[in-house]
Amino acid sequence: MVKAKTKKQKNRVLSVDFHTHPLADRYYCSFTSPRVPTLRDAEDIAEFLAAASSRGIDVIAVTDHDCVASGWFAKRVAREAGLPILVVPGVEVTTNFRGWRVHVLAYNLKEDLPPNTLAPWEAVEEVHVRGGVAVLAHPARNGEYGPEIFFRCLNAGVDGVEVRNRMNGNFDPAYWLGEKSEWNGRLVMQTAGSDWHWYGSRLIAPGDFSVGVPVDWLIGKGLITPEEAGTALSRRAAREREKRGNRGKAAGRRKERDIHKDGLDFLCQKGVGLGCPSAI
């Protein structure tokens with residue numbers, strides 16, 4: 001017998017930044033990338049994760065251009081270092097439509113797709129064949145081709161669409177997806193990404209474009225495990241308790257200051273408070 005989910009269980013969400021680049025544009029447009037990170041790559045990925053984990057987001061997808069290796073390496077680093085953040089290994093696949101470069105975010109791929117050879121919807125289909133999850137990246141950047149590309153990706157079964165991107169603006173999918181964010185009865189997740197390119201000290205912070213995503217969707221798509229979800233939810237609850245505690249401490253300090261001020265005002269009214277005009 002399947003137990004009905006409580007309201008609290010149904011509303012479980014984690015904040016996710018679906019689009020980041022710890023290797024910046026290192027392999028973009030070269031269409032060559034290493035199968036394992038170089039020493040420089042590894043150092044940048046580790047520094048990137050340390051910075052990202054301090055932002056208070058629950059999950060971050062590592063989606064370097066046409067390079068799956070960095071995502072899997074980042075996931076291992078986060079786990080071994082005990083960083084308080086979950087990593088989803090991903091890649092931003094370069095596809096082509098009428099000579100226009102279109103990007104598809106793919107998660108959980110083990111090998112790179114051939115860049116700049118597939119149409120966006122063909123990449124979506126190939127990602128699914130390989131057991132991955134596909135999201136159309138920053139469709140607002142696709143200009144006049146945007147509607148056709150999105151429509152064909154929807155028909156190809158794309159899992160999500162990036163509706164907010166710090167680098168390339170917002171995209172409104174309401175015309176196609178309606179209020180329920182569905183296409184032919186199938187949920188299409190609306191995602192957000194900082195598109196954070198790591199340049200060391202030139203820090204552009206992630207997390208500003210994270211979005212709350214239902215835990216059940218993340219688990220159902222295989223992006224995180226139930227155990228990882230439990231850990232992330234516990235971390236989030238601990239952060240919320242700490243915030244409430246800090247707010248309570250701040251309120252307590254304000255209350256003490258108010259009581260102290262009220263006391264001084266009372267003494268001043270009696271003319272005996274230090275610093276009162278009548279006491280000088």
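Residues numbered from 1 in each chain as written. Predicted model: local features only at pLDDT ≥ 70, side-chain atom pairs only at ≥ 80, totals over all residues. Heavy atoms only, no water.

Draft legend 1. Representation of the side chain of Ser70 within the structure. Looking at where Ser70 falls in the secondary structure, it is placed in helix 3 (residues 69-81). Those residues within four positions of Ser70 in sequence are excluded, and the remaining contacts are Leu23, Ile45, Val62 and Asp64. (Helix = DSSP H or I, 4+ residues; strand = E, 2+ residues; numbered from the N terminus. Contact = heavy atoms within 4.5 Å.)

Draft legend 2. Quick peek at the nonpolar core. Core analysis: the largest hydrophobic core is formed by 30 residues, its most contacted members being Phe150, Leu154 and Leu177. Elements with a contribution of two residues or more to this core: strand 4 (86-97), strand 5 (100-107), helix 4 (120-129), strand 6 (133-136), helix 5 (146-155), strand 7 (160-165) and helix 6 (174-177). With sequence-adjacent residues up to four places away left out, Leu177 is seen in contact with Phe150, Leu154, Val161, Glu182, Trp183, Val188 and Gln190. (Core = buried A, V, L, I, M, F, W, Y, C linked by side-chain atoms within 4.5 Å. Buried < 20%, exposed > 50% of the residue type's maximum accessible area, 1.4 Å probe, protein only.)

Draft legend 3. Region of interest: the side chain of Asp64. Here Asp64 shows up in the loop between strand 3 (59-62) and helix 3. The side chain of Asp64 is buried and forms no salt bridge, while Arg26, the nearest opposite charge, is found at 7.8 Å. A distance of 2.7 Å separates polar atoms of two side chains, one belonging to Asp64 and the other to Ser70. Excluding its chain neighbours within four sequence positions, the residues that come into contact with Asp64 are Thr20, His21, Pro22, Leu23, Ala24, Ser70, Gly90, Val91 and Glu92. (Lys, Arg positive; Asp, Glu negative; His and termini not counted. Salt bridge = Lys/Arg side-chain N within 4 Å of Asp/Glu carboxyl O. Polar contact = N/O pair within 3.5 Å; in protein donor to acceptor, adjacent residues only side chain to side chain.)

Draft legend 4. Structural view of the environment of Ile85. As for its placement among the helices and strands, Ile85 is situated in the loop between helix 3 and strand 4. Residue class for Ile85 comes out buried when judged on its relative accessible area of 3%. Along the backbone, Ile85 and Glu228 are 143 residues apart, and their C-alpha atoms lie at a distance of 9.7 Å. Setting aside anything within four residues of it in sequence, one finds Ile85 in contact with Ala52, Ser53, Ile57, Asp58, Val59, Ile60, Ala78 and Arg235.

Draft legend 5. Spotlight on unusual backbone geometry. Notably, Ala24 is not glycine yet its phi reads approximately 50 degrees, a positive angle. On the basis of relative accessible area, Ala24 is assigned to the buried category, the value being 7%. Residue Asn108 is not a glycine yet carries a positive backbone phi of 70 degrees. With respect to the helices and strands, the residue Asn108 is situated in the loop between strand 5 and helix 4.

Draft legend 6. Representation of the pairing of strand 1 (residues 13-17) within the structure. Buried residues dominate strand 1, accounting for four of its five residues. Relative to strand 13 (residues 211-214), strand 1 is paired through four bridges, and the arrangement is antiparallel. Its bridge partner lying in strand 13, Val16 is registered against Val211. For strand 1 and strand 3, the ladder comprises two bridges, and the chain directions are parallel. (Pairing = 2+ DSSP bridges.)

Draft legend 7. Representation of the pattern of salt bridges within the structure. If you walk through the whole model with that rule in mind, you get twelve salt bridges. Across the pair Arg152 and Glu148 runs a salt bridge, and its minimum N-O distance is 3.3 Å. Taken as a pair, Arg152 and Glu148 lie in helix 5 at a separation of four residues, close to a single helical turn. Overall, Arg152 belongs to the partly exposed group, its relative accessible area being 35%. The network of salt bridges with common partners includes Arg26, Asp41 and Asp44.

Draft legend 8. Geometry of the packing of aromatic side chains. Across all of its chains, the model carries 13 aromatic pairs by this definition. Judged by centre distance (4.5 Å) and plane angle (35 degrees), the rings of Phe48 and Trp196 are tilted. Of this pair, Phe48 sits in helix 2 (residues 39-53) while Trp196 sits in strand 12 (residues 196-197), placing them 148 residues apart in sequence. Owing to a relative accessible area of 0%, Phe48 belongs among the buried residues under this scheme. Each ring, one from Phe97 and one from Tyr145, has its centre 5.4 Å from the other, and the planes form 90 degrees; the classification is edge-to-face. Here Phe97 is found in strand 4, whereas its partner Tyr145 is found in the loop between strand 6 and helix 5, with 48 residues between them in sequence. Under the relative-accessibility criterion, Phe97 is labelled buried at 6%. An aromatic cluster is built from Phe97, Trp100, Trp121 and Tyr145, whose rings are joined through pairwise contacts. (Phe/Tyr/Trp six-rings, centres within 6.5 Å; stacked < 30°, edge-to-face > 60°.)

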